Amino acid sequence: MIFLGAPGSGKGTQAQALVPNLGIPQISTGDILRAAVKAETPLGLEAKAFMNRGALVPDEVVIGLIQDRLVEPDVSGGWMLDGFPRTTVQAEALDQLLEKLGQPLEAVVLINVPEAKLVERLTGRRTCMTCKRVFHVLFNPPPTTIPFCDDHADCPSELVHRPDDSLDVVIQRQAVYRDQTEPLISYYEQQHKLHSIDGDRPAEAITGELKAFLG
Ligand code: AMP
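The rules behind the values
- Residues numbered from 1 in each chain as written.
- Predicted model: local features only at pLDDT ≥ 70, side-chain atom pairs only at ≥ 80, totals over all residues.
- Heavy atoms only, no water.
- Pairing = 2+ DSSP bridges.
- Helix = DSSP H or I, 4+ residues; strand = E, 2+ residues; numbered from the N terminus.
- Core = buried A, V, L, I, M, F, W, Y, C linked by side-chain atoms within 4.5 Å.
- Buried < 20%, exposed > 50% of the residue type's maximum accessible area, 1.4 Å probe, protein only.
- Contact = heavy atoms within 4.5 Å.
- Axes fitted to C-alpha atoms, helices over the stretch in contact; angles between N-to-C directions.
- Nonpolar A, V, L, I, M, F, W, Y, C, P; charged D, E, K, R; others polar.
- Near = heavy atom within 4 Å.
- Polar contact = N/O pair within 3.5 Å; in protein donor to acceptor, adjacent residues only side chain to side chain.
- Areas by Shrake-Rupley, 256 points an atom, 1.4 Å probe, with all protein chains shown as cover.

Chemist: Whenever I open this one, the sheet that holds strand 5 (residues 125-128) confuses me. Can you help?
Modeler: Pairing between the strands of a sheet is mediated by backbone hydrogen bonds and can be parallel or antiparallel. Here 3 strands make up an open sheet; going across it, the order is 6-5-7 and the pairing antiparallel. A single partner strand is all that each edge strand has here, and the edge strands are strand 6 (134-136) and strand 7 (159-160). In this sheet, strand 6 lies alongside strand 5 in antiparallel orientation, the contact comprising 3 bridges. Bridge pairing in strand 6 links Arg125 to His136.

Right, dumping it as structure tokens:
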């Protein structure tokens, strides 16, 4: 299945919450790219400038990543894509890839959140770069003191304010979503795969609705 929605709509949070329930991995192209940037691999060096200014990484790069990821053994029983596809070219490439792999796309979940709320969520967001959990300085503060995600002993990593969560880049990312990703709503509507949910609610309520829908 695919999670569709603007940056900050909660795609990653919901996918993470469903992993234990569905027993299938979350695949986040953003996480893969951030790991590559951190490790300074050729992919990371190529992607970094696009990411830091809120632009999309070129289609051929992310399509290549997904082609490699979807043939790994841990995803043979299913997967949740979070942050891919983001353009029509990516969606068409994914359709072709899935046809080749003989893996049908079962559902596309669109998480709807008003844009003003998204900006508020992202500019206050703090992310643990190890376990990928997200917090918010006002709405979901870490249990102890910022900047450490130390509520679970195995993850004493620093919480960061992602460079692309600064206000000017957030505004740019929302514009990129409107221009390049929103057309995918009608793309998947035409395939009768789109399931739209209200994302302007507590995360647990959304997870509950998703569990009921995915049955
Ligand atoms: P995310 O963590 O999903 O918000 O992604 C962070 C950044 O990674 C985006 O703003 C893009 O620069 C890049 N990125 C992630 N996924 C994609 C994708 N499918 N296509 C192009 N760029 C992507």
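Still more ground to cover, so stick around.
Chemist: Can you walk me through the nonpolar core in this structure?
Modeler: Note on soluble globular proteins: their nonpolar side chains tend to be buried together. Core analysis: the biggest nonpolar cluster contains 45 residues, and Phe3, Ile66, Leu70, Trp79, Leu81, Leu94 and Tyr188 have the highest contact counts within it. Contact partners of Tyr188, with chain neighbours within four places excluded, come to Ile2, Leu4, Pro85, Ala91, Leu94, Leu105, Val108, Lys193 and Leu194.

Chemist: What am I meant to see in the packing of helix 7 (residues 167-181) against helix 8 (residues 183-190) here?
Modeler: The interhelical angle for the contact between helix 7 and helix 8, taken along N-to-C directions, is 35 degrees, at an axis separation of 5 Å. Here Tyr177, Arg178, Asp179, Gln180 and Thr181 of helix 7 come into contact with helix 8, specifically with Pro183, Leu184 and Ile185. For the contact of helix 7 with helix 8, the per-class residue count stands at 4 nonpolar, 2 polar and 2 charged.

Chemist: Mind showing me how you'd approach the sheet that holds strand 4 (residues 108-112) here?
Modeler: In spatial order, the strands read 2-3-1-4-8; together these 5 strands make up an open sheet with parallel pairing. Only two strands of the sheet have a single neighbouring strand rather than two, namely strand 2 (26-28) and strand 8 (194-198). Each adjacent strand pair in this sheet contributes to an overall mean axis angle of 25 degrees, direction not counted. The pairing of strand 1 (residues 2-4) with strand 4 spans 3 bridges and is parallel. Residue pairing across strands places Leu4 opposite Leu110, the latter belonging to strand 4.

Chemist: Sorry, what's going on with the site of the ligand here?
Modeler: The environment of the ligand is made up of 16 residues, and the closest members are Thr29, Arg34, Ala55, Gly83 and Gln90. At 2.9 Å, a side-chain N or O of Gln90 approaches a nitrogen atom of the ligand. For the ligand, whose accessible area on its own is 480 Å², the fraction buried by protein is 96%. Per-element tally for the shell around the ligand: the top contributor is helix 2 (residues 29-38), with 4 residues. Across the shell around the ligand, the residue classes tally to 7 nonpolar, 4 polar and 5 charged.

Chemist: Can you help me understand unusual backbone geometry in this one?
Modeler: The phi torsion of most residues other than glycine is negative, and most of the peptide bonds are trans. A cis geometry characterises the amide bond from Phe84 onward to Pro85, with omega recorded as 0 degrees. Here Pro85 is to be found in the loop between strand 3 (80-82) and helix 5 (88-101). Its identity is not glycine, yet Glu40 carries a phi of approximately 55 degrees, on the positive side. Along the chain, Glu40 turns up in the loop between helix 2 and helix 3 (42-52).

Chemist: It is not clear to me how the pairing of strand 5 should be interpreted in this structure. Could you clarify?
Modeler: The side chains of a regular strand alternate between both faces of the sheet. On strand 5, burial covers both faces: Arg125 and Thr127 on one face and Arg126 and Cys128 on the other are all buried. Taking the residues that link successive antiparallel strands as the turn, the strand 5-strand 6 hairpin has 5 residues, and the phi of Lys132 there is positive, at about 70 degrees. Pairing of strand 5 with strand 7 involves 2 bridges; the strand directions are antiparallel. Looking at strand 7, one finds that Cys128 is bridged to Leu159.

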